[in-house]
Amino acid sequence: MRIALGCDHGGFPLKARIAATLQAVGAEIVDCGTDSNCSVDYPDYARKVAAVILAGQAERGILLCGSGVGISVAANKIPGIRAGVCHDTYSAHQGVEHDDMNVLCLGARIVGDELAVELVRAFVAASFTNEERHVRRLNKVLEIEREALEGKFDSTSSTSRDP
Ligand code: RB5
(Lines give C-alpha, C1' and ligand atoms only; values in the text may rest on other atoms or scores of the structure.)
Protein backbone atom coordinates (compact mmCIF):
# COMPACT_ATOMS: atom_id res chain seq x y z
CA MET A 1 0.00 0.00 0.00
CA ARG A 2 1.21 3.51 -0.81
CA ILE A 3 0.70 6.06 1.96
CA ALA A 4 1.07 9.82 1.57
CA LEU A 5 2.67 11.20 4.73
CA GLY A 6 2.48 14.87 5.64
CA CYS A 7 2.83 17.05 8.70
CA ASP A 8 3.25 20.58 9.94
CA HIS A 9 5.94 21.64 12.43
CA GLY A 10 3.73 20.44 15.31
CA GLY A 11 3.62 16.96 13.80
CA PHE A 12 7.21 16.89 12.62
CA PRO A 13 8.70 15.35 15.80
CA LEU A 14 6.62 12.21 15.13
CA LYS A 15 7.22 11.98 11.40
CA ALA A 16 10.40 9.89 11.34
CA ARG A 17 8.91 7.27 13.64
CA ILE A 18 5.76 7.06 11.51
CA ALA A 19 7.86 6.72 8.36
CA ALA A 20 9.92 3.94 9.95
CA THR A 21 6.72 2.15 10.98
CA LEU A 22 5.32 2.39 7.47
CA GLN A 23 8.55 0.97 6.09
CA ALA A 24 8.46 -1.84 8.63
CA VAL A 25 4.97 -2.89 7.49
CA GLY A 26 6.00 -2.78 3.83
CA ALA A 27 4.12 0.40 2.89
CA GLU A 28 5.54 2.70 0.26
CA ILE A 29 5.73 6.32 1.46
CA VAL A 30 4.95 9.38 -0.60
CA ASP A 31 6.62 12.11 1.45
CA CYS A 32 4.65 15.35 1.37
CA GLY A 33 6.77 17.27 3.93
CA THR A 34 7.32 19.26 6.02
CA ASP A 35 10.95 18.49 6.70
CA SER A 36 11.86 20.58 9.74
CA ASN A 37 10.59 22.21 12.92
CA CYS A 38 10.19 25.56 11.11
CA SER A 39 6.70 26.96 11.47
CA VAL A 40 4.40 26.18 8.54
CA ASP A 41 0.64 26.10 7.96
CA TYR A 42 -1.11 22.74 8.39
CA PRO A 43 -3.70 23.30 5.60
CA ASP A 44 -0.87 23.27 3.05
CA TYR A 45 0.07 19.72 4.09
CA ALA A 46 -3.52 18.51 4.22
CA ARG A 47 -3.78 19.77 0.65
CA LYS A 48 -0.58 18.02 -0.48
CA VAL A 49 -1.56 14.64 0.99
CA ALA A 50 -5.10 14.89 -0.40
CA ALA A 51 -3.79 15.76 -3.85
CA VAL A 52 -1.60 12.66 -3.88
CA ILE A 53 -4.53 10.44 -2.87
CA LEU A 54 -6.95 12.01 -5.34
CA ALA A 55 -4.37 11.62 -8.13
CA GLY A 56 -4.21 7.89 -7.35
CA GLN A 57 -0.57 8.10 -6.29
CA ALA A 58 -1.39 6.75 -2.82
CA GLU A 59 -4.29 4.75 -1.46
CA ARG A 60 -4.31 6.43 1.95
CA GLY A 61 -2.69 9.21 3.92
CA ILE A 62 -1.35 10.02 7.35
CA LEU A 63 -1.32 13.61 8.57
CA LEU A 64 0.38 14.87 11.70
CA CYS A 65 -0.02 18.18 13.49
CA GLY A 66 0.15 19.21 17.11
CA SER A 67 -3.28 17.98 18.08
CA GLY A 68 -4.42 16.21 14.91
CA VAL A 69 -7.45 18.49 14.85
CA GLY A 70 -6.52 21.34 12.55
CA ILE A 71 -5.08 19.11 9.86
CA SER A 72 -8.13 16.79 9.97
CA VAL A 73 -10.51 19.75 9.65
CA ALA A 74 -8.56 20.97 6.64
CA ALA A 75 -8.37 17.52 5.02
CA ASN A 76 -12.09 16.93 5.45
CA LYS A 77 -12.86 20.02 3.39
CA ILE A 78 -11.48 18.22 0.34
CA PRO A 79 -14.03 16.06 -1.48
CA GLY A 80 -12.99 12.43 -1.49
CA ILE A 81 -11.07 12.69 1.76
CA ARG A 82 -12.40 11.03 4.90
CA ALA A 83 -10.01 11.94 7.68
CA GLY A 84 -10.24 11.07 11.35
CA VAL A 85 -8.23 11.93 14.44
CA CYS A 86 -7.71 8.55 16.10
CA HIS A 87 -5.79 8.37 19.32
CA ASP A 88 -7.01 4.90 20.25
CA THR A 89 -6.37 1.73 18.29
CA TYR A 90 -10.06 0.75 18.06
CA SER A 91 -10.90 3.94 16.13
CA ALA A 92 -7.77 3.64 13.98
CA HIS A 93 -8.99 0.36 12.48
CA GLN A 94 -12.75 0.75 12.90
CA GLY A 95 -12.64 4.09 11.08
CA VAL A 96 -11.42 2.22 8.02
CA GLU A 97 -13.60 -0.87 8.49
CA HIS A 98 -16.89 0.98 8.97
CA ASP A 99 -16.34 4.48 7.59
CA ASP A 100 -13.79 3.95 4.81
CA MET A 101 -11.54 6.55 6.48
CA ASN A 102 -8.68 7.18 4.06
CA VAL A 103 -6.58 9.58 6.13
CA LEU A 104 -5.40 9.00 9.69
CA CYS A 105 -4.64 12.17 11.63
CA LEU A 106 -2.46 12.15 14.72
CA GLY A 107 -1.50 14.80 17.23
CA ALA A 108 2.20 14.60 17.96
CA ARG A 109 1.70 16.64 21.15
CA ILE A 110 -0.93 14.19 22.35
CA VAL A 111 0.22 10.66 21.58
CA GLY A 112 3.55 9.14 22.47
CA ASP A 113 5.70 7.41 19.88
CA GLU A 114 4.79 3.86 20.90
CA LEU A 115 1.04 4.47 20.77
CA ALA A 116 1.48 6.23 17.43
CA VAL A 117 3.22 3.13 16.05
CA GLU A 118 0.28 0.95 17.11
CA LEU A 119 -2.22 3.42 15.64
CA VAL A 120 -0.43 3.36 12.30
CA ARG A 121 -0.21 -0.43 12.29
CA ALA A 122 -3.95 -0.70 13.05
CA PHE A 123 -4.84 1.81 10.32
CA VAL A 124 -2.71 0.18 7.62
CA ALA A 125 -3.88 -3.36 8.41
CA ALA A 126 -7.58 -2.48 8.26
CA SER A 127 -9.87 -2.62 5.24
CA PHE A 128 -13.41 -1.45 4.58
CA THR A 129 -15.81 -4.29 5.32
CA ASN A 130 -18.18 -3.59 2.41
CA GLU A 131 -21.04 -4.71 4.66
CA GLU A 132 -24.38 -3.42 3.48
CA ARG A 133 -25.03 -1.10 6.42
CA HIS A 134 -21.60 0.49 6.14
CA VAL A 135 -21.92 0.94 2.38
CA ARG A 136 -25.35 2.52 2.94
CA ARG A 137 -23.94 4.96 5.49
CA LEU A 138 -20.91 5.76 3.37
CA ASN A 139 -23.22 6.51 0.44
CA LYS A 140 -25.12 8.94 2.67
CA VAL A 141 -21.86 10.67 3.54
CA LEU A 142 -21.02 10.90 -0.16
CA GLU A 143 -24.48 12.29 -0.83
CA ILE A 144 -23.89 15.08 1.72
CA GLU A 145 -20.59 15.82 -0.03
CA ARG A 146 -22.26 15.88 -3.47
CA GLU A 147 -25.08 18.15 -2.28
CA ALA A 148 -22.61 20.56 -0.71
CA LEU A 149 -20.46 20.64 -3.86
CA GLU A 150 -23.52 21.39 -5.97
CA GLY A 151 -24.68 24.09 -3.54
CA LYS A 152 -27.77 21.99 -2.84
CA PHE A 153 -27.12 20.91 0.72
CA ASP A 154 -30.52 20.59 2.37
CA SER A 155 -30.10 21.58 6.01
CA THR A 156 -33.78 20.90 6.70
CA SER A 157 -33.54 17.25 5.73
CA SER A 158 -32.27 14.65 8.17
CA THR A 159 -32.16 11.90 5.57
CA SER A 160 -30.43 11.48 2.27
CA ARG A 161 -32.40 12.03 -0.93
CA ASP A 162 -30.94 8.80 -2.38
CA PRO A 163 -30.75 6.33 0.44
C1 RB5 B 1 0.75 24.45 15.45
O2 RB5 B 1 1.26 25.19 16.53
C3 RB5 B 1 -0.57 23.81 15.84
O4 RB5 B 1 -1.54 24.80 15.99
C5 RB5 B 1 -0.97 22.77 14.81
O6 RB5 B 1 0.03 21.83 14.68
C7 RB5 B 1 -2.20 21.95 15.15
O8 RB5 B 1 -2.14 21.44 16.42
C9 RB5 B 1 -3.50 22.51 14.84
O10 RB5 B 1 -4.52 21.83 15.05
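In this text the structure is predicted, and so the values were computed from the model without any measurement. (Residues numbered from 1 in each chain as written. Predicted model: local features only at pLDDT ≥ 70, side-chain atom pairs only at ≥ 80, totals over all residues. Heavy atoms only, no water.)

**Some remarks on the pattern of salt bridges**
Phase 1 of the analysis: Using the criterion set out here, one finds 9 salt bridges in the structure.
Phase 2 of the analysis: Residues E114 and R17 are paired through a salt bridge, measuring 2.9 Å at the closest nitrogen-oxygen approach. With E114 in helix α5 (residues 113–125) and R17 in helix α1 (residues 12–24), this pair connects stretches of sequence that are 97 residues apart.
Phase 3 of the analysis: For R17, a relative accessible area of 30% gives the class partly exposed.
Phase 4 of the analysis: Its salt-bridge partner being R133, residue E131 comes within 2.6 Å of it at the nearest N-O pair.
Phase 5 of the analysis: Residue E131 is classed as partly exposed on the basis of its relative accessible area, which comes to 35%. (Salt bridge = Lys/Arg side-chain N within 4 Å of Asp/Glu carboxyl O. Helix = DSSP H or I, 4+ residues; strand = E, 2+ residues; numbered from the N terminus. Buried < 20%, exposed > 50% of the residue type's maximum accessible area, 1.4 Å probe, protein only.)

**Looking at the site of the ligand**
Phase 1 of the analysis: Every residue lining the ligand is accounted for by D8, H9, Y42, C65, G66, S67, G70 and R109.
Phase 2 of the analysis: Between G66 and the ligand, the recorded distance is 2.8 Å, taken from a backbone N or O atom to an oxygen atom.
Phase 3 of the analysis: Between an oxygen atom of the ligand and a main-chain N or O atom of S67, the distance comes to 3.0 Å.
Phase 4 of the analysis: Protein chains bury 71% of the 290 Å² of accessible surface belonging to the ligand in isolation. (Near = heavy atom within 4 Å. Polar contact = N/O pair within 3.5 Å; in protein donor to acceptor, adjacent residues only side chain to side chain. Areas by Shrake-Rupley, 256 points an atom, 1.4 Å probe, with all protein chains shown as cover.)

**Some details on the environment of G112**
Phase 1 of the analysis: Residue position: G112 is located in the loop between β5 (103–107) and α5.
Phase 2 of the analysis: Counting along the chain gives 98 residues from G112 to L14, while the straight-line C-alpha distance between them is 8.5 Å.

**A few points about the packing of aromatic side chains**
Two aromatic rings, taken as a pair, are described by how far apart their centres are and by the angle between their planes.
Phase 1 of the analysis: Under the counting rule described, the total for this entry stands at 0 aromatic pairs.
Phase 2 of the analysis: Its guanidinium or amino end placed over the ring of F123, R60 lies 5.3 Å from that ring's centre, counting from NZ or CZ. (Phe/Tyr/Trp six-rings, centres within 6.5 Å; stacked < 30°, edge-to-face > 60°. Lys NZ or Arg CZ within 6 Å of the ring centre and 35° of its normal.)

**Examining the environment of P13**
Phase 1 of the analysis: Looking at where P13 falls in the secondary structure, it is placed in helix α1.
Phase 2 of the analysis: Separated by 22 residues in sequence, P13 and D35 have C-alpha atoms that sit 9.9 Å apart.

**Side note on α1**
Phase 1 of the analysis: Helix length check: α1 (13 residues) gives 19 Å between terminal C-alpha atoms against 18 Å at 1.5 Å per residue, within 8%.
Phase 2 of the analysis: Three or more residues of α1 are buried, namely L14, K15, I18, A19, T21 and L22. Seen along its axis, α1 keeps its buried residues to an arc of 160°; they face one direction. Facing away from the buried surface of α1 by more than 90 degrees, the exposed residues are P13, A16, Q23 and A24.
Phase 3 of the analysis: Of the residues trailing α1, G26 is marked for its positive phi of about 85°. (Expected span 1.5 Å × (residues − 1). Arc of directions from axis to C-beta.)

**Remarks on the nonpolar core**
Phase 1 of the analysis: Ranked by internal contacts, the top residues of the largest apolar core, which has 25 residues, are I18, L22, I62, L104 and L106.
Phase 2 of the analysis: Broken down by secondary-structure element, the contributors of at least two residues to this core are β1 (2–7), α1, β3 (60–65), α4 (89–99), β5 and α5.
Phase 3 of the analysis: Here this core takes 6 residues from α5, the largest share from any one element.
Phase 4 of the analysis: A46, L63, I71 and I78 belong to the second-largest nonpolar core, a separate cluster that totals 19 residues. (Core = buried A, V, L, I, M, F, W, Y, C linked by side-chain atoms within 4.5 Å.)

**Considering the pairing of β3**
Phase 1 of the analysis: Across the 6 residues of β3, 6 count as buried, placing the element largely inside the fold.
Phase 2 of the analysis: Here β3 shows no split at all, with R60, I62 and L64 on one side and G61, L63 and C65 on the other all buried.
Phase 3 of the analysis: Relative to β3, β1 is paired through 5 bridges, and the arrangement is parallel. Following the sheet pairing, L5 is matched in β3 by I62.
Phase 4 of the analysis: Relative to β5, β3 runs parallel, the two sharing 5 bridges. Counted as the bridge partner of G61 is V103 from β5. (Pairing = 2+ DSSP bridges.)

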